[in-house]
Amino acid sequence: MKFYISTTGIKKVTISNSGSGKGSSAAANRRFSNRACLLVVVLLAIFLPFLFIRIAFLVLESATFCPSLAECIGSRVFGGSDLSAKLRDELTRALVEASQGEDGGRIENSPASFNQLVEDMTSNGHDIKAFAFKTKAMLLKMERKVQSARQRESIYWHLASHGVPKSVHCLCLKLAEEYAVNAMARSRLPPPESVSRLADPSFHHVVLLTDNVLAASVVISSTVQSAANPEKLVFHIVADKKTYTPMHAWFAINSIESAVVEVKGLHQYDWSQEVNVGVKEMLEIHRLIWGHYYNNLKEGNFEFDGEHKRKLEALSPSYLSLMNHLRIYIPELFPDLDKIVFLDDDVVVQRDLSSLWELDLNGKVVGAVVDSWCGSNCCPGRKLKDYLNFSNPLISSNFNYDHCAWLYGMNIFDLKAWRRSNITKAYHRWLKLNLNSGLGLWQPGALPPALMAFKGHVHPIDSSWHMSGLGCRAIEVNRERLEVAAVVHFSGPAKPWLEIGFPEVRSLWSSHVNISNKFIRKCSIKG
């Protein structure tokens with residue numbers, strides 16, 4: 001048997017067999033021709049869809065780049081990669097030109113959405129350069145909207161942070177009314193049999209300066225519940241004149257059997273002329289600093305960044321509160337005490353604090369958390385550069401911008417060592433230097449000048465004593481550390497009694513609210 005295949009392909013196959021006749025030869029030719037046709041059809045079925053898709057892409061790309069559709073299709077069938085590179089280069093040049101060009105009035109007239117951009121490009125037949133400029137204008141417009149929204153959010157957050165909730169205001173009014181009509185609400189605090197403890201150094205003295213009745217009740221309740229020996233605790237609460245009556249009424253009606261509570265109003269102090277003048281001068285300079293920063297922020301171009309956000313937080317009216325700034329006069333407020341633990345009214349005590357009174361401060365005035373649990377490269381709060389203006393030589397020559405600021409809000413004070421020092425005088429000296437330097441040495445608040453005045457007088461204590469920042473949006477809550485912290489501090493604008501308080505940590509505070517109290521229920525205060 002012999003096979004003959006024609007040079008034109010497999011369209012014809014001739015089979016020669018000397019032992020066969022013409023009939024069998026013709027049948028064999030037909031069988032091989034049918035098989036060849038089937039193979040061709042299969043190959044075309046596989047190849048034609050790919051060919052169609054390729055031509056479709058060529059037509060689409062050519063419509064935006066080539067002057068002639070016929071020219072492009074001819075060149076792209078075999079050389080498409082060259083044209084793709086040209087298209088890529090052309091788009092790159094258009095984007096660079098758009099990034100360096102002036103915006104002019106493009107932003108206002110830019111498409112508001114991607115769909116509008118596509119519709120504009122397809123209906124008007126714009127080139128690549130126009131596409132690049134329109135895309136840039138659209139993105140800039142969106143960025144401005146996002147920035148504006150963030151600015152409004154920051155301002156609304158600021159306004160919400162210093163408002164007094166209706167429920168808290170209601171509680172003060174109800175208690176003031178109770179003070180007027182109920183003799184028990186006016187009873188002496190502490191009772192006569194406990195007065196001797198007020199200056200007894202064998203007891204553990206805790207000081208609060210506050211104008212918030214609800215917050216003070218939580219601080220004292222949590223401290224007593226966490227104490228190993230609550231009968232040794234003596235609380236000294238100092239309130240302003242308007243808050244004195246509701247504060248006194250609350251602790252007179254809701255007496256704590258195991259501890260002693262003293263409530264005193266600022267109007268009940270008989271200070272010397274020197275102290276009165278110093279307090280008045282201090283408050284006036286702090287108001288000037290606050291006004292200086294307020295005017296700068298109002299007249300400046302407010303942008304949403306960390307610096308402006310901190311300035312906005314520093315303008316909280318609480319930074320003008322007399323109760324905040326009187327901390328520097330604690331030795332004058334308590335002349336008969338030698339060692340005290342100071343607590344802010346936005347803290348919750350979770351662990352027994354009795355060992356703080358036994359702590360040796362090594363001759364220092366204040367014990368505070370300085371070093372953080374997270375290592376040497378991070379701080380428990382902020383750094384000095386976040387409070388002080390290191391562009392001024394008075395600051396840069398006296399302080400290290402990278403040092404951690406010690407935490408205020410849970411501190412142990414040796415008042416005997418404080419009285420021997422010149423801390424209060426140094427505080428006033430820095431206030432006058434700031435006044436004479438244009439009020440720009442630090443941001444508003446009680447902490448920045450205290451950080452300066454207490455320089456060299458701080459004894460670091462273990463970081464587990466004090467965890468701060470629970471009222472800040474940027475705080476990352478470490479649950480393990482949160483559980484072991486002796487005191488958790490809701491420092492920051494999101495106080496737990498406000499609507500903007502964070503639900504994930506608010507329960508630490510609300511669990512100590514006495515929701516069974518009739519005044520709490522009447523004012524709809526929720527635990």
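Basis of the calculations
Residues numbered from 1 in each chain as written. Predicted model: local features only at pLDDT ≥ 70, side-chain atom pairs only at ≥ 80, totals over all residues. Heavy atoms only, no water. Phe/Tyr/Trp six-rings, centres within 6.5 Å; stacked < 30°, edge-to-face > 60°. Buried < 20%, exposed > 50% of the residue type's maximum accessible area, 1.4 Å probe, protein only. Helix = DSSP H or I, 4+ residues; strand = E, 2+ residues; numbered from the N terminus. Lys NZ or Arg CZ within 6 Å of the ring centre and 35° of its normal. Axes fitted to C-alpha atoms, helices over the stretch in contact; angles between N-to-C directions. Parallel < 35°, antiparallel > 145°, perpendicular 65-115°, else oblique. Left-handed = near helix turned anticlockwise from the far one by under 90°. Contact = heavy atoms within 4.5 Å. Nonpolar A, V, L, I, M, F, W, Y, C, P; charged D, E, K, R; others polar. Disulfide = S-S within 2.5 Å. Salt bridge = Lys/Arg side-chain N within 4 Å of Asp/Glu carboxyl O. Pairing = 2+ DSSP bridges. pLDDT = per-residue confidence, 0-100.

J.: So what about the packing of aromatic side chains? Which residues, and what values?
T.: For any pair of aromatic rings, the description consists of the separation of the ring centres together with the inter-plane angle of the planes. The tally for this structure, following the rule as stated, stands at 12 aromatic pairs. Ring geometry for Y269 versus W271: centroids 5.6 Å apart, planes at 40 degrees, classification tilted. For the pair Y269 and W271, one class covers both residues: buried. Centre to centre, the rings of W290 and Y294 are 5.5 Å apart; their planes meet at 5 degrees, and the pair counts as stacked. With W290 and Y294 both in helix α8 (residues 273-299) and four residues apart, the pair spans about one turn of that helix. Classification of Y294 as partly exposed rests on a relative accessible area of 37%. Between R327 and the ring centre of Y408, over which it is positioned, the NZ or CZ distance is 4.7 Å. Of note, K455 hangs over the ring of F399, and the distance from its end group to the ring centre comes to 4.9 Å.

J.: Pulling in residues and values, what's your account of the packing of helix α3 (residues 114-124) against helix α4 (residues 128-161)?
T.: Relative to each other, α3 and α4 sit at 160 degrees, their axes nearing to 11 Å. Regarding the angle of α3 to α4, the classification is roughly antiparallel. As α3 runs across α4, the sense of the crossing is right-handed. In contact with F114, L117, D120 and M121 of α3, α4 contributes F131, K134, T135 and M138. Class assignment for the residues of the contact of α3 with α4 results in five nonpolar, one polar and two charged.

J.: Explain the state of the cysteines residue by residue, including any values.
T.: For the coordinates displayed, the defined rule picks out two disulfides. There is a disulfide in this structure between C170 and C523, and the S-S distance comes to 2.1 Å. Disulfide C170 to C523: torsion about the S-S bond roughly -75 degrees, handedness left-handed. Of this pair, C170 sits in helix α5 (residues 166-181) while C523 is found in the segment after α19 (518-522), placing the two residues 353 residues apart along the sequence.

J.: With reference to specific residues and values, describe the pattern of salt bridges.
T.: Taken as a whole, this structure holds five salt bridges when the rule is applied. Among the salt bridges present, the one from K495 reaches D346, with a minimum N-O distance of 2.5 Å. Here K495, found in the loop between β12 (487-489) and α18 (503-510), pairs with D346, found in the loop between β6 (339-343) and β7 (347-349); they are 149 residues apart in sequence, far enough to count as distant. Across the pair D402 and K383 runs a salt bridge, and its minimum N-O distance is 2.8 Å. Here D402, found in the loop between α13 (393-396) and β9 (410-414), pairs with K383, found in the loop between β8 (366-369) and α13; they are 19 residues apart in sequence, far enough to count as distant.

J.: Before we move on, could you go through the sheet that holds strand β4 (residues 233-239) and cite the residues and values that matter?
T.: Strand order in the open sheet made by the seven strands is β5-β4-β3-β6-β9-β8-β10, with mixed pairing throughout. With one partner strand each, in any of the chains shown, β5 (260-265) and β10 (458-461) form the two edges of the open sheet. The mean inter-strand angle of the sheet, taken between neighbouring strand axes irrespective of direction, is 25 degrees. Bridging between strand β3 (residues 204-209) and β4 involves six bridges; their strand directions are parallel. Bridged to L208 within β4 is I237. Along the sheet, helix α6 (residues 213-226) makes contact with β3, β4, β5 and β6, crossing β4 at roughly 170 degrees. Docked against the sheet, helix α7 (residues 241-253) engages β4 and β5, running at close to 160 degrees with respect to β5.

J.: Give a description of the environment of L315 that names residues and reports values.
T.: When you line up the elements, L315 lands in the loop between α9 (306-314) and α10 (322-325). Using a relative accessible area of 5% as the deciding quantity, one classes L315 as buried. Remark: the alpha-carbon pair of L315 and H158, spanning 157 residues in sequence, is separated by 8.6 Å. Residues contacting L315, with those up to four places away along its chain left out, are H158, W290, Y293, Y294, L297 and P444.

J.: If you had to explain the environment of C379 to someone new, which residues and values would you point to?
T.: Within the secondary structure, C379 is located in the loop between β8 and α13. Exposure remark for C379: the relative accessible area of 15% places this residue in the buried category. As a C-alpha pair, C379 and D402 span 23 residues in sequence and 9.8 Å in three-dimensional space.

J.: Go over the confidence of the model for the chain with me, naming the residues and quoting the values.
T.: It should be kept in mind that the predicted coordinates are not to be read in detail where pLDDT is low. For the chain, the mean per-residue pLDDT works out to 83, and 77% of the residues sit at or above 70. A low-confidence stretch, residues 1-22 stays under pLDDT 50, and its non-local contacts, those more than four residues away or across chains, total 24 contacts.

J.: Can you lay out unusual backbone geometry for me, pointing to particular residues and giving the numbers?
T.: Cis geometry is found at the peptide bond from L189 to P190, where omega equals -10 degrees. Notably, L439 is not glycine yet its phi reads approximately 65 degrees, a positive angle. By secondary structure assignment, the location of L439 is in the loop between α15 (423-436) and α16 (447-453).

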